[in-house]
Amino acid sequence: MVVLVGAGCSATPHADPVALPELIRVDTSPSPLFSQVTAGPVRALIPDGWKTRAAGSDVAPRGGFVSSPRLRAWERMDGSTTGMTATWVDATEVGVPSDFYYLAARGPLMSGLTHSAKCHSERERVFLDHRPTFASGKSTSTGDFMARGEGTCDVHGRLTRWAYFVAAPGFGPIRELGIPSSGLYVVVAVMRDGAGVASTLSRLIRHTSFAGTSVPQLVQAASGRPTV
């Protein structure tokens, strides 16, 4: 089964093909209980039955998708709602120095999960962390960052488990992979905690790819460690 979800208004017969809204494609996956989402150059697995929409907007030039049984609740990103986001930021559209993506990846992006009083970070693996020159780094710094983390949340008695992957390519080795114009990659997934959930979250992260380059391939290029 294939489902196409529009990311914007319907196209007219005379619309410029370049300006057509990107479609989200959801295919039945060979893997039981999962569907495959394709959003432009982003491809990932999601549990069957989740709703999906494009992540981009007029004010935030992001590509990719967000998916959840409750899309509106997922936007709060407080650890209480099941869902998944796999996005990238088009650095050619944002128009800020690449070093600023390092700051975003290193700090506030995951703070709702990693620094919340209701959430607990169990593990973080940093594969790249080269502080940019303007932030007291070396003059030859590549300004790149890459990390993978896991943890849990307890929001009003609702126990969830989360996992994330974040990367700012800077001028490092992962700049040559994935989406050439991307300044930032973010994959985060949250599910109700229980038996096998940690494994499922890891699977969702590992099966996410950007322009054909998977998260494990990005990690291996950065550190020589393929396991994520």
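The structure we're discussing is the one just above.
Below is a summary of the structure that appears in this document. (Residues numbered from 1 in each chain as written. Predicted model: local features only at pLDDT ≥ 70, side-chain atom pairs only at ≥ 80, totals over all residues. Heavy atoms only, no water.)

Description of the side chain of T213
Next, step 1: When you line up the elements, T213 lands in strand β13 (residues 213–214).
Next, step 2: Leaving out residues up to four positions away in the same chain, T213 has contacts with L177, G178, T208 and L218. (Helix = DSSP H or I, 4+ residues; strand = E, 2+ residues; numbered from the N terminus. Contact = heavy atoms within 4.5 Å.)

What about the state of the cysteines?
Next, step 1: The tally for this structure, following the rule as stated, stands at one disulfide.
Next, step 2: The disulfide partner of C119 is C153, and the gap between their sulfur atoms is 2.0 Å. Around the S-S axis, the bridge from C119 to C153 shows a dihedral of about 100 degrees and counts as right-handed. One end of the pair, C119, is in strand β8 (residues 119–129); the other, C153, is in strand β9 (residues 145–155), and 34 residues separate them in sequence. Residues C119 and C153 agree in their burial class; the two are buried. (Disulfide = S-S within 2.5 Å. Buried < 20%, exposed > 50% of the residue type's maximum accessible area, 1.4 Å probe, protein only.)

Overview of the nonpolar core
Next, step 1: Residues F65, M84, M146, F165, V187 and F210 are the most contacted members of the largest nonpolar core, which totals 36 residues.
Next, step 2: If we ignore the near neighbours within four places in the chain, the residues touching F210 are P41, V42, T87, W88, G178, I179, Y185, V186, V187 and L218. (Core = buried A, V, L, I, M, F, W, Y, C linked by side-chain atoms within 4.5 Å.)

Quick word on helix α6 (residues 215–223)
Next, step 1: Looking only at α6, the buried set comprises V215, P216, L218, V219 and A222. Buried residues of α6 fall within an arc of 160 degrees about the axis and therefore sit on the same side. (Arc of directions from axis to C-beta.)

Section: the pattern of salt bridges
Next, step 1: Counted by the stated rule, this structure contains eight salt bridges.
Next, step 2: The partner of E150 in a salt bridge is R148, with the nearest N and O atoms 3.0 Å apart. For the pair formed by E150 and R148, the shared burial category is buried.
Next, step 3: Bridged by salt links that share partners, the residues E122, R161 and D193 form one connected network. (Salt bridge = Lys/Arg side-chain N within 4 Å of Asp/Glu carboxyl O.)

Description of the sheet that holds β8
Next, step 1: Strand order in the open sheet made by the seven strands is β5-β6-β7-β11-β10-β9-β8, with antiparallel pairing throughout. Strands at the two margins of the open sheet, each flanked by one partner only, are β5 (51–54) and β8. Put simply, the sheet's adjacent strands are angled 10 degrees from each other on average, direction ignored.
Next, step 2: Across eight bridges, strand β10 (residues 158–168) lies against strand β11 (residues 182–192) in antiparallel orientation. Bridged to V166 within β11 is V186.
Next, step 3: Here helix α3 (residues 99–106) sits on the sheet and contacts β7 (83–90), β8, β9, β10 and β11; the angle it forms with β10, its principal contact strand, is near 160 degrees.
Next, step 4: On top of the sheet, helix α5 (residues 197–206) reaches β7, β9, β10 and β11; it is set at about 155 degrees to β11, its chief contact. (Pairing = 2+ DSSP bridges. Axes fitted to C-alpha atoms, helices over the stretch in contact; angles between N-to-C directions.)

Concerning the pairing of strand β3 (residues 34–39)
Next, step 1: The element β3 is extensively covered by neighbouring structure, given that five of its six residues are classed as buried.
Next, step 2: As judged from the five bridges shared by strand β2 (residues 23–28) and β3, these two strands associate in the antiparallel manner. Bridging across to β3, T28 finds its partner in S35.
Next, step 3: Linking two consecutive strands that pair antiparallel, namely β2 and β3, is a turn of five residues; a positive phi of about 75 degrees is found at L33 within it.
Next, step 4: Examined bridge by bridge, β3 and strand β4 (residues 42–47) share six bridges and lie antiparallel to one another.

Quick look at unusual backbone geometry
Next, step 1: Not every positive phi belongs to a glycine, and M77 is a case in point at roughly 50 degrees.
Next, step 2: Assignment of secondary structure puts M77 in the loop between α1 (71–74) and β7.
Next, step 3: For A211, which is not a glycine, the phi torsion comes out positive at approximately 50 degrees.
Next, step 4: Mapping A211 onto the fold places it in the loop between β12 (209–210) and β13.

What about the packing of aromatic side chains?
Two numbers describe a pair of aromatic rings. These are the distance of the centres and the angle of the planes.
Next, step 1: Counted under the stated rule, the structure contains three aromatic pairs.
Next, step 2: Pairing Y102 with F145 gives two aromatic rings, centres 6.0 Å apart and planes at 90 degrees, and the pair type is edge-to-face. Residue Y102 is located in helix α3, and its partner F145 is located in strand β9; the two are separated by 43 residues in the primary sequence. As far as the burial class goes, Y102 and F145 line up, both buried.
Next, step 3: Measuring from ring centre to ring centre gives 6.0 Å for W162 and Y164, while their planes differ by 20 degrees; the resulting arrangement is stacked. Across the pair, exposure class does not vary: W162 and Y164 are buried alike. (Phe/Tyr/Trp six-rings, centres within 6.5 Å; stacked < 30°, edge-to-face > 60°.)

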